[in-house]
Every structure is written in structure tokens, then in C-alpha cells.
Amino acid sequence: MSNMFCFQCEQTVAGKGCTNTGACGKTAVVSNAQDELTCALVGLSRAAEGKAPGKKADELMMQALFATITNVSFDEKQIKKLKKAVMEEKAALGGAEDMAIDMLWNGNEDIVSLRSTLLLGIRGMAAYAWHAYVLGKEDREVTEWFYKGMRALGDEHSVDEWLALLMEFGKVNLGCMALLDEANTSAYGHPEPTEVSTTVEKGPFIVVSGHDLLDLKQLLDQTEGKGINIYTHSEMLPAHGYPGLKKYTHLKGNFGTAWQNQQKEFIDIKGPVLFTTNCLMPPKASYADRIFTTAVVAYPGLQHITEGENGGKDFSPLIEKALELGGWNEDKQFTGINGGNSLMTGFARNTVLGVADKVIDAVKAGAIKHFFLVGGCDGAKPGRNYYTDFVRKTPDDTVILTLACGKYRFNDLNIGEIGGLPRIMDMGQCNDAFSAIQVAIALSEAFDLSVNELPLTLVLSWYEQKAVCILLTLLALGIRKIYIGPSIPAFLSSNVLNVLVEKFQLTPISTPEEDLEKILA
């Protein structure tokens, strides 16, 4: 008998599911507590039906779903605290029966697959909604769909009804990504092309990982003038492109590469690291004393920065740790995985659309023959070098748009320019798939073609649940012939996968050579 069941991430054991402990490092106890929390959220959504649940319930819905994303919370006490709050809120709304935990991952293989796909997509959307929410932005359609979607998980549906729910969700998630785009750009301005150093200057410093730009902003404010430099890590790299953040002169550069390398890169690090979201890995003893978490990120024994009543956070413990450690005695030069020592970011929709006339002219003149969106999550599982090799092998008359931490496979490469524009353009975090969608729509309008008729191919890597919600949005928009890897999600049954292949031409990656030949034929 298994101790747990989880197949929500790309690294799940044997491509089938984790049954003793999570490949991510979470224990069976934590995994089971997350399942109980999920079922309690179904109960909350049932209790809220036909009512106005209120601010507290809305916040709990987003936070609790966020806490169940891979590499966010490893803390049983935190998960149980969230469940207790959910149960209390459910009771305040009149009560309702929770989803039976045995129903969550059991039953007809195809129904479990469809139900799981919806749940994992909802979890991903919760992260985006929460980031927008803390910046004062909310879309009631998105918030209300959390309740609708969670109720749907506990009900019986036909295969066609499940597929319709998935497509409906995908469209709602587009609105959520637009909401977060608005939240970030209204707070910090539209990203601008920015070169980012990989050198860590001597003296005290703090590394900030994750996606939460508000946490970074608060930390920048609190460290200003204190002789402490700030460096981004992994998904926080695109922060350098925002005018409202890059104006801080002590936001110096980027440390390290993608999340899965942290257990090597953080050994003997001379500064503390703040995790604002995933992906946190179980820390090694050599650096655990300098890892801090905040928001729903939690790991037993690590120092946690809580939120004050006014929504602000006091990062004093983090600042004190940086001063105590003191940083390195001299500048340290680091590189990307391919040996490059500078990175570019800030090519979000405003930047790309701002030079749309140049791009269109280049296409018409034959200088640009094809666009690739190569991005998504990175991970430790073998096979991800595919994305490095793919980009290296793309012809000189092609442009690579990228986003999310999958970019670290090639974002330190210099593969040249076309018409003064770099061939690799980093559009931002995973949520900035919204930017890529807007660019694709603009190009389709300029050339009077559908998006599927454009010389554009999406080559995606996935790891966790935010990639799931983005994929569902792309499918809901009718985008076809998406290449996905490095492996097919374990939660997709063979029948469900066949439906996606037949309806959307979803294509598993093979080799860079074979795929490029097929795409460019």
C-alpha cells in the first residue's frame, strides 16, 4: 500500500507518480495534508455556492491552492493551519461536505486525468491571482471561477463536459494573466530591454528568488542606503527590466541559474536568500541557516518573514543576516550554464510591439523566416538539454522568444542579431506568456493571418502547475502544433493525450534536428 500519491510535477517517479516520498522532497505526511486541504477547499466552494463568500474566503482559496503547488510548502503545520482556517470559513458560510479524499486520485483513468488536469491548472492560476491581488488587482470572474472549478472537481461529468470545463478554464486564466500583467506594469512600468550582470560585487548582499515583485520592491526599499546589494535568482531575473525596480542602484545583477541548481549554487554562499514563491528545494545543511521564506512558501526550521496587518513585511532579520555574513571579500564572476557572463531581459509585449514595424519589414524582406517561443519551466530530469541544442541549431534567420526559468538553458548564449534586434528575446516570467500571446495576435493582425498560419512555433518545457494553466490557455485560444517536453505529463492518460493530439496537434518533442526539420519544412 502506498503512503501517498502525487503526479503533479514533471519529475514524478518513473513518470507515473510518487508513492513514498515526493521527488520534490515533500514527505508523505505533507502530501496527504495537501490532499486533505484540497478536499476541504471543495467543501468551501460548495458552502459558498449562491452566496457572497467574502474577502477572507477569497484569500484562503487563493493562498491554500498556491500552497499546494510543487516546491512551495513542505510544512505540515502550515498546511494544517490553512485547512483549519478553511474549515472555519466553510462553517461560517453554513457548512458543506468536503470532497471524499478517495475520490481525488482514484476512479476511471480518463476521468481522473481530466479532473487532475483541471485541479492542477487551478492551482497554477491561484499563484497568478495572488500576485495580482497583493498589488491591489482582482478580477471577480477569476475569483469566482476558483469556486466554480473546485465545485466541479467534486461532481461527476462526462468526458465532453470535462473537456468543456478545461477550455472554459483556459479562457478564464487568460484573464488572470492579463490581470497580473496589468498589476505588474501599473506598479512598476512596462519592462525595457536590460542587460543583467552575473558578477556579484564584494560586500553584503541578498539573493531574491521566485516571482513576487512586491516582495522585491519592499526589500529594495528597506535595504536602500545600507550598503547591501540585491541580486535576483531564477524567475526573479525579469525584475531588472521594470523601470520602477531597475531604478534602484543596489539592484545589481543575477545570481545563479534555474531553480534546480540551487543545492549546488548555494553551497557556501556568503549572503542570505529569500524565497518569495517556488521553487524551493530542501536546503542542504551548509546553507540552511541563510534561507528565508515568505508568503505561502514554507519549510520546517527555516526562518519565515510574515506579513504585517497593513500588508507590509519587515525584512530586518534578512538584512541583519546579510550584514552578519558580509558577502565575499572581492567581486566574484559567475556564468550561465553555457559560460556566458551577461543576460538580457525586458523584451515584453510593449518592447516587441514598439518595434513591430521593423519586425514586420524584416519578415516581408525575408530576414526573419520563423519565430520560435522556446520557454517554460526548467528542471533536473535528463532530457532538458534538448532546449539548449534546439536554440543553438535554429537557423540565423529565425528569432527565439523565451520566458520563465526554462530560458536558463540558453539565455547566456550570443547567437547574433537580426536588424539590430537580438535573436534571443526574454519576455519575462512564466506569466508573461500573456505578452507572447499579445505579440502573436498583433502579428496575425498585421499579416491578416490566423495565429496558426503564422511562421511561429511554440516549443515548451513544463515542470509544475503554472505550466499547466498556461498550456490550457493556449489550447483554449485554439493554438495548435505546440511541441511539449521533456516528457508527457503523468496525469494525462493515453486517451486524453490522444484527444489533445488529434484536436490540437499537441506534439511530444523528439530531437532538435528532427523537430526543426519538421517545423521548417
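Let me sum up the structure you'll find in this document. Not measured: the values here are computed from a predicted model.

1. Re the overall build of the protein
So, point 1. Check the secondary structure of the protein and you find 18 helices and 18 strands.
So, point 2. For the protein, whose C-alpha radius of gyration is 22 Å, the value lies close to the compact-globule estimate of 24 Å for 521 residues.
So, point 3. With the C-alpha coordinates aligned to their principal axes, the bounding extent of the protein is approximately 60 × 60 × 40 Å.
So, point 4. Split into buried and exposed, the 521 residues of the protein put 60% on the buried side.
So, point 5. In the protein, of all internal contacts separated by at least 6 residues, the share reaching a separation of at least 24 is 74%.
So, point 6. By element, 50% of the accessible surface of the protein is carried by carbon and sulfur atoms, the whole surface being about 19,600 Å².
So, point 7. Each charge class in the protein can be summarised by its mean position, and for the 48 positive and 63 negative side chains these summaries are 3 Å apart.

2. Comments concerning the packing of helix α1 (residues 28-47) against helix α2 (residues 55-67)
So, point 1. As a packed pair, α1 and α2 sit with axes 10 Å apart at the nearest point and diverge in direction by 155°. The angle between α1 and α2 places the two elements in the roughly antiparallel class. The two elements α1 and α2 meet at a crossing, and its hand is left-handed. Side by side, α1 and α2 meet where Gln34, Leu37, Leu41, Leu44 and Ser45 of the first sit next to Ala57, Leu60, Met61, Ala64, Leu65 and Ala67 of the second.

3. Comments concerning the side chain of Asn278
So, point 1. By the element assignment, Asn278 lies in the loop between β6 (273-275) and β7 (291-294).
So, point 2. In this structure the side chain of Asn278 is engaged in a polar contact, spanning 3.5 Å, whose partner is the backbone oxygen of Thr70.
So, point 3. In terms of polar contacts, Asn278 uses its side chain to reach the side chain of Glu464, at 2.7 Å.
So, point 4. Not counting residues up to four positions away in its chain, the partners in contact with Asn278 are Ile69, Thr70, Asn71, Val72, Gly210, His211, Val297, Glu464 and Lys466.

4. Structural notes on the environment of Gly22
So, point 1. For Gly22, the location among the structural elements is in the segment before α1.
So, point 2. A sequence separation of 13 residues divides Gly22 from Cys9, and the C-alpha atoms of the two residues are 9.6 Å apart.

5. Considering the pattern of salt bridges
So, point 1. Throughout the structure, instances matching the rule amount to 25 salt bridges.
So, point 2. Between Glu201 and Lys252 there is a salt bridge, and its shortest N-O distance comes to 3.6 Å. You can see Glu201 sitting in the loop between β2 (199-200) and β3 (205-209) and its partner Lys252 sitting in strand β5 (residues 251-254), a full 51 residues away along the chain.
So, point 3. A salt bridge links Glu324 to Lys321, with the nearest nitrogen and oxygen atoms 3.5 Å apart. Residue Glu324 and its partner Lys321 are both found in helix α11 (residues 316-325); the two are separated by 3 residues, about one turn of the helix.
So, point 4. Classification of Glu324 by relative accessible area gives exposed; the value is 58%.
So, point 5. Residue class for Lys321 comes out buried when judged on its relative accessible area of 11%.
So, point 6. Residues participating in the shared-partner salt-bridge network are Asp58, Glu138, Arg140 and Glu144.

6. Observations concerning the side chain of Lys26
So, point 1. On the secondary structure map, Lys26 appears in the segment before α1.
So, point 2. The buried charged residue Lys26 lacks any salt bridge, with Asp35 as its nearest oppositely charged partner at 6.3 Å.
So, point 3. At 2.9 Å, the side chain of Lys26 and the side chain of Gln34 are in polar contact.
So, point 4. Look past the residues within four positions of Lys26 in its chain and what remains in contact with it is Met4, Cys6, Gln8, Thr21, Ser31, Gln34 and Phe74.

7. Notes on the sheet that holds strand β16 (residues 456-461)
Each strand in a sheet pairs with its neighbour through backbone hydrogen bonds, running either in the same direction (parallel) or in the opposite one (antiparallel).
So, point 1. Across the sheet, which stays open at both edges, the 6 strands sit in the order β15-β12-β11-β16-β17-β18 with parallel pairing between neighbours. This sheet does not close on itself; its edge strands, each paired only once, are β15 (424-426) and β18 (507-508).
So, point 2. Pairing between strand β17 (residues 483-485) and β18: 2 bridges, direction parallel. Each bridged residue has a counterpart across the sheet, and for Ile484 the counterpart in β18 is Pro508.

Reading guide: rules and limits
- Residues numbered from 1 in each chain as written.
- Predicted model: local features only at pLDDT ≥ 70, side-chain atom pairs only at ≥ 80, totals over all residues.
- Heavy atoms only, no water.
- Helix = DSSP H or I, 4+ residues; strand = E, 2+ residues; numbered from the N terminus.
- Rg over C-alpha atoms; globule rule 2.2 N^0.38 Å.
- Buried < 20%, exposed > 50% of the residue type's maximum accessible area, 1.4 Å probe, protein only.
- Contact = heavy atoms within 4.5 Å.
- Areas by Shrake-Rupley, 256 points an atom, 1.4 Å probe, with all protein chains shown as cover.
- Lys, Arg positive; Asp, Glu negative; His and termini not counted.
- Charge placed at Lys NZ, Arg CZ, Asp CG, Glu CD.
- Axes fitted to C-alpha atoms, helices over the stretch in contact; angles between N-to-C directions.
- Parallel < 35°, antiparallel > 145°, perpendicular 65-115°, else oblique.
- Left-handed = near helix turned anticlockwise from the far one by under 90°.
- Polar contact = N/O pair within 3.5 Å; in protein donor to acceptor, adjacent residues only side chain to side chain.
- Salt bridge = Lys/Arg side-chain N within 4 Å of Asp/Glu carboxyl O.
- Pairing = 2+ DSSP bridges.

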